[in-house]
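# Structural overview
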Amino acid sequence: MAVVFKRPHALKDIPMHYCPGCTHGIVHRLIAEVIDELGIEGKTVGISPVGCTYNNYEYFNCDMVQAAHGRAPAVATGVKRVNPDNIVFAYQGDGDLAAIGTAEIVHAAARGEKITVIFVNNAIYGMTSGQMAPTTLVNQVTTTTPFGRKPEIHGHPINVCELLSTLKGAVYVERVSVHDIKNIFNAKKAIKKAFKVQMANLGFSIVEVLSTCPTNWGLSPVEALKWLRDNMIPAYPLGNFKGKDLEV
Amino acid sequence: MAQHEILIAGFGGQGILSAGRILAYAGMLENKNVSWLPSYGPEMRGGTANCNVIISDEPIGSPILNSATVLIVMNSPSLEKFESYVTEGGMIITDKSLVTRSPLRKDVDVYEIPATQLASEMGNPTYACIILLGKFIAITGAVSKGSFEEALRKVLPEKYHKLIPEEMKALEVGMEYEKA
Amino acid sequence: MGEKLLMKGNEVIAEAAIRAGCRFYFGYPITPQTEVMHYMAKRMPEVGGTFVQAESEIAAINMVYGAASAGGRVMTTSSSPGISLMQEGISYAACAELPLVMVNIVRCGPGLGGILPAQCDYFQSVKGGGHGDYKMVVLAPCSVQELYELTVEAFNISDRYRIITMILGDGILGQMMEAVEFRDVENIQNVEKPWAVTGTGMKREHNVITSIYIDPEVLEAHNRKLQEKYRLIEENEVRVEEYNCENADVIVVAFGTVARIVKNVIKTAEKEGIKVGLIRPVTLWPFPVKTFEKYATVPKAFLTVEMNAGQMLEDVKLAVNGKNKVDFLGRMGGMVPTQKEILDKIKELIW
Ligand SMILES: Cc1ncc(C[n+]2csc(CCOP(=O)(O)OP(=O)(O)O)c2C)c(N)n1
Ligand code: SF4
Ligand SMILES: [Mg+2]
């Protein structure tokens, strides 16, 4: 019998610690499959963020560095500048990338740093128990917006892809989702392209992945997928923002 | 002078932290010194939960228990981990529905109560921890039934007050449970 | 007298601040102090105050800098890695003599470390984690009731001296519940702040809040002024608990949570006929030097117990000044010293 579904080599064979129904695990798998398919495991270096995925260095088989909160793009810059032949990716959450790490991501993109960022947007701080993230939707209740996010008090959500696509150094910018099979498939295509852009030395690439946090949203895994589809996608439209026609 | 050092351990979601809190509150209402300390380490996401509750006639030193007069356990790993914590002459109360083996200690009193099953029969498995506390209260008199009820009223948000009679019934089930 | 409530340490910090008249809170989430933020997010709107979740600790401390400059009673809370990011702002605020209150619910480091209790930020808070010759008042509560009292006191001290006051706790204090009675609302002192930037109203010379002094003579004079203030605080604000020290053979020195463990040890030791005392510095700066002078000739030795590799130990040694032996027991990484290991160590010193 042919094996149709097996663990990608780039992922270690250990159980992940994420909550039931959390889509972080899916994103890990997609990255690992892409690394396998491109045959780059041996020269890939990943950067782990601070967030629920702080220890995803335990899950990937490639070399990994753990960075301080928000600083992954700066750490990635350092790694890439020492060994430009390495393929360097940073994995970041929305608090990590769009709050404390705004300066680092903007300037890595502006410099056209040849790295790939996988940006997991779950509209919340997962790790620290559900505070408002920069991407928290208007009216969304969190532990620090107990009466809902109000733009006049808490500001508006930040659309990261739209923002970064204004920078010349960012050459490939795409937003995807993992709430169903079709979208997971698209997400993988985008992640693969982002890595290929880096391999072709074209510049900075980022894929924003809309993701769930059933635990802090207070929803079941299935409800969470629906909530993502019905609430997040209208606020964060899927699609390519830059580099659609890049041939890689 | 009496000091009860109570260690309650099991999975997250079994109501362990809030049961411990109600117990501590009841002690405080009786003008005893109390402390409540939850586990808050990285294991939380892995699903285990425990809390240390101290009820004492004297000022409380450390809120951290290196040993306990009472261990209430609601899963097997917690029995493995904490059985040795119980001081000689102390007691272990297990939820027999979930803890697969009996405690091995011979120098402590052991009570095994199918609390989750009893609670499910009452229609709400999350009362299991209250049932186990009932046994503890019945044996030690650490706090009175009346204080426990008063504590429920203080701790639970207004909208859950209608559940108090049910919770008290669970407490009584535990208080009156005898080994068959 | 208020009613007794059973509350979490972190929530008590927030409630105490609000009762002390704090109406501005800026912070960034970090375990194990997030409950302070959650509480503030709910309570501040109720009292007409301001709660802002900043985009980082760097932003938070600078929001605090601005609010303090404008004369607001202001606070931020964080935990070790976040406090590290605030060091630049702390140094600026110390130089600009801004009154503000900070809380560090310490976790174990270095680096991202872990969230379990530790006291490894003693040096950072007491010796100055930022650049330059500055001090902050550092308070080390050991119970939930004391968290309330010292949080209120922190605002009073800050305003009285135009200084930063930091409350140094750990995850046990922040996470535990104990009875608390909110009693001394009348103890809250309100201080005029004529130096604040509130607009001249075309009625006075402009006020300036700054930490830059290009002229070396002026900067030295400013430093001297700061140092005089620090000496005054050393004179007036030392707080310390002495427990069982008369007739003790060994005196243990410990602060915060560890001091509570030591109190249990003292009781057990007593039963075994061993006389142990405790010096618990409540202000880590200013350090209670005189108390050590008083007991310098304790028959056997001092034993410093900390959840770090030996930080307060250095201040104890300076205070004892070679007059006696100072031994040390430390645990790190979130490990809490047990009563047994402390007692064993005491026995070692006695025999
Ligand atoms: C300097 C610093 N501040 C705060 C924290 C606490 N902290 C850990 S994870 C996190 C937020 C993570 O949220 P996000 O990036 O959205 O990741 P998620 O957990 O949702 O995947 C914060 C604030 C920290 N570790 N370091
Ligand atoms: S808290 Fe949320 S983001 Fe974190 S592992 Fe759980 S579901 Fe995933
Ligand atoms: Mg997030």
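To keep things clear, this report deals only with the structure shown in the data block. All of these numbers come straight from a predicted model, not from anything done at the bench.

## Observations regarding the overall build of chain B
The number of helices and strands found in chain B is six helices and six strands. Counting from the amino terminus, chain B carries its helices and strands in the arrangement β-α-β-β-β-α-β-β-α-α-α-α. Relative to the 2.2 N^0.38 estimate, which gives 16 Å for 180 residues, the radius of gyration of chain B is 15 Å and therefore close to what a compact globule would have. Principal axes of the C-alpha set define a box for chain B whose edges measure 40 × 40 × 35 Å. For chain B, the residues scored as buried account for 54% of the 180 residues in total. Taking as baseline every contact in chain B between residues at least 6 positions apart, the subset at least 24 positions apart corresponds to 54%. Total accessible area on chain B stands at roughly 7,600 Å², and carbon and sulfur atoms take up 52% of it.

## Some remarks on the coordination of the magnesium ion (ligand 3)
Residues and elements named next belong to chain A. Summarising the metal site, the magnesium ion (ligand 3) is bound by the protein donors D94 (OD), N122 (OD1) and I124 (O), whose distances to it range over 2.1 to 2.2 Å. Along the chain, the residues donating to the magnesium ion (ligand 3) fall in the pattern D-x27-N-x1-I. Taken together, the residues span a long stretch of sequence, with D94 in helix α3 (residues 94–100) and N122 in the loop between β4 (116–121) and α5 (151–154) at a distance of 28 residues. For the pair shown, D94 and N122 are each scored as buried.

## A short note on the interface of chain B and chain C
Of the residues lining the interface, 22 residues belong to chain B; the matching set on chain C comes to 24 residues. Each partner contributes to the roughly 1,900 Å² buried at the junction of chain B and chain C, and carbon and sulfur atoms together form 64% of this total. Along the contact surface separating chain B from chain C lie two salt bridges. C:K267 serves as the salt-bridge partner of B:E58, at 3.4 Å between the closest nitrogen and oxygen. Every element with two or more residues in the side of chain B that touches chain C is listed here: α1 (16–29) and β2 (33–38) of chain B. The element that contributes the greatest number of residues to the side of chain B that touches chain C is β2(B), accounting for five residues. Taken together, the two bridges between β2(B) and strand β9 (residues 177–181) of chain C define a ladder with antiparallel strand orientation. Of the residues in β9(C), the one forming a bridge with B:S35 is C:E178.

## Section: the packing of helix α1 (residues 24–38) of chain A against helix α7 (residues 181–199) of chain A
All names here are of chain A. Packing of α1 against α7 brings their axes to within 9 Å, and their N-to-C directions diverge by 50°. By the criterion of interaxial angle, the relationship of α1 to α7 is oblique. Between α1 and α7 lies a crossing of right-handed hand. From α1, I26, L30, I31, E33, V34, E37 and L38 reach across to α7, where they touch I184, A187, K188, I191, K192, F195, K196 and M199. A per-class count over the contact of α1 with α7 returns ten nonpolar, no polar and five charged.

## Remarks on the nonpolar core
C:M40, C:M75, C:F302 and C:I346 are the most contacted members of the largest nonpolar core, which has 124 residues in total. The leading source of residues in this core is helix α7 (residues 144–161) of chain C, at nine residues. Two domains share this core, each providing at least three of its residues, namely domain 1 (4–236) and domain 2 (240–350) of chain C. Apart from the residues lying within four places of it in its own chain, the contact partners of C:F302 are C:I251, C:V253, C:I279, C:F292, C:Y295, C:A296, C:V320, C:N324, C:K325, C:V326 and C:D327. B:L23, B:I130, B:I137 and B:M168 belong to the second largest nonpolar core, which has 47 residues in total.

## Some thoughts on the site of ligand 2
Taken together, the neighbourhood of ligand 2 is formed by twelve residues, with A:C19, A:C22, A:C52, A:C213 and A:N216 sitting nearest. Site remark: ligand 2 is flanked by residues from chains A and B. It is helix α8 (residues 214–217) of chain A that provides the largest number of residues to the shell around ligand 2, a total of three residues. Here the shell around ligand 2 is composed, by residue class, of six nonpolar, five polar and one charged.

## Digging into the side chain of A:T23
All names here are of chain A. Tracing the backbone through its elements, the reader meets T23 in the segment before α1. Residue T23 is classed as buried on the basis of its relative accessible area of 2%. Not counting residues within four places of it along the chain, the set of residues in contact with T23 comprises V178, S211, T212 and L225.

## Some remarks on the pairing of strand β12 (residues 276–281) of chain C
Along any regular strand, the residues point their side chains to alternate faces of the sheet. Residue and element names in this part refer to chain C. With respect to burial, β12 is a largely interior element, six of its six residues being buried. Pairing of strand β11 (residues 250–253) with β12 involves four bridges; the strand directions are parallel. Bridge pairing links V250 to V276 in β12. Read from β11 through helix α10 (residues 257–271) to β12, the crossover connection turns out right-handed.

## Regarding empty space enclosed by the protein
Residues and elements named next belong to chain C. As enumerated under the stated definition, the model contains five cavities of 30 Å³ or more in all. Roughly 50 Å³ of volume is contained in the second largest cavity. Taken together, V106, A118, Q119, P141, L168, G169, D170, L173, F255, G256 and T257 form the lining of the second largest cavity. Within the lining of the second largest cavity, the residues separate by chemical class into six nonpolar, four polar and one charged.

## Some thoughts on the site of ligand 1
Around ligand 1 sit 21 residues in total, of which A:C52, A:D94, A:D96, A:G126 and C:E57 are the nearest. Residue neighbours of ligand 1 fall on chains A and C, so the site bridges chains. Measuring from an oxygen atom of ligand 1, one finds a side-chain N or O atom of A:H24 at 2.9 Å. A:G95 is positioned with one of its backbone polar atoms (N or O) 2.9 Å from an oxygen atom of ligand 1. Summarising the interface, the protein chains cover 97% of the accessible area of ligand 1, which totals 590 Å² for the free molecule.

## Looking at the sheet that holds strand β15 (residues 326–330) of chain C
Residues and elements named next belong to chain C. Taken together, five strands build an open sheet; the order of strands is β10-β12-β11-β14-β15 and the sheet is mixed. Every interior strand has two partners, whereas the edge strands, β10 (240–243) and β15, have only one. Along the sheet, successive strands turn relative to each other by an average axial angle of 20°, direction set aside. Two elements, strand β14 (residues 301–306) and β15, share five bridges in a ladder whose sense is parallel. Along β15, the bridge assignment pairs L303 with D327. The sheet strands contacting α10 are β10, β11, β12 and β14, and the helix crosses β12 at an angle near 165°.

## Some remarks on the packing of aromatic side chains
Residue and element names in this part refer to chain C. Throughout the structure, instances matching the rule amount to 13 aromatic pairs over all chains. Seen in terms of ring centroids, Y122 and F123 are 6.4 Å apart; in terms of plane orientation they differ by 65°. Their pairing is edge-to-face. F123 gets classed as partly exposed once you look at its relative accessible area, which sits at 29%. Between Y122 and F255 the ring centres are 5.8 Å apart and the planes differ by 45°, which places this aromatic pair in the tilted class. Pair noted here: Y122 is in helix α6 (residues 122–128) and F255 is in the loop between β11 and α10, with a separation of 133 residues, a long-range link. Summarising the burial analysis for this pair, Y122 and F255 share the class buried.

Basis of the calculations
Residues numbered from 1 in each chain as written. Chains lettered and ligands numbered in written order. Predicted model: local features only at pLDDT ≥ 70, side-chain atom pairs only at ≥ 80, totals over all residues. Heavy atoms only, no water. Helix = DSSP H or I, 4+ residues; strand = E, 2+ residues; numbered from the N terminus. Rg over C-alpha atoms; globule rule 2.2 N^0.38 Å. Buried < 20%, exposed > 50% of the residue type's maximum accessible area, 1.4 Å probe, protein only. Contact = heavy atoms within 4.5 Å. Areas by Shrake-Rupley, 256 points an atom, 1.4 Å probe, with all protein chains shown as cover. Donors = N, O, S within 2.8 Å, 3.2 Å for Na, K, Ca; no water. Buried area = accessible area lost by both parts, 1.4 Å probe. Salt bridge = Lys/Arg side-chain N within 4 Å of Asp/Glu carboxyl O. Pairing = 2+ DSSP bridges. Axes fitted to C-alpha atoms, helices over the stretch in contact; angles between N-to-C directions. Parallel < 35°, antiparallel > 145°, perpendicular 65-115°, else oblique. Left-handed = near helix turned anticlockwise from the far one by under 90°. Nonpolar A, V, L, I, M, F, W, Y, C, P; charged D, E, K, R; others polar. Core = buried A, V, L, I, M, F, W, Y, C linked by side-chain atoms within 4.5 Å. Domains from an automatic or database assignment. Near = heavy atom within 4 Å. Right-handed = clockwise from strand over helix to strand, strands pointing away. 1 Å grid on protein atoms, 1.4 Å probe; cavity = no way out; pocket = protein on both sides within 12 Å on 5 of 7 lines; lining within 4 Å. Points joined across faces, edges and corners; volume = space filled by probe spheres on them. Polar contact = N/O pair within 3.5 Å; in protein donor to acceptor, adjacent residues only side chain to side chain. Phe/Tyr/Trp six-rings, centres within 6.5 Å; stacked < 30°, edge-to-face > 60°.

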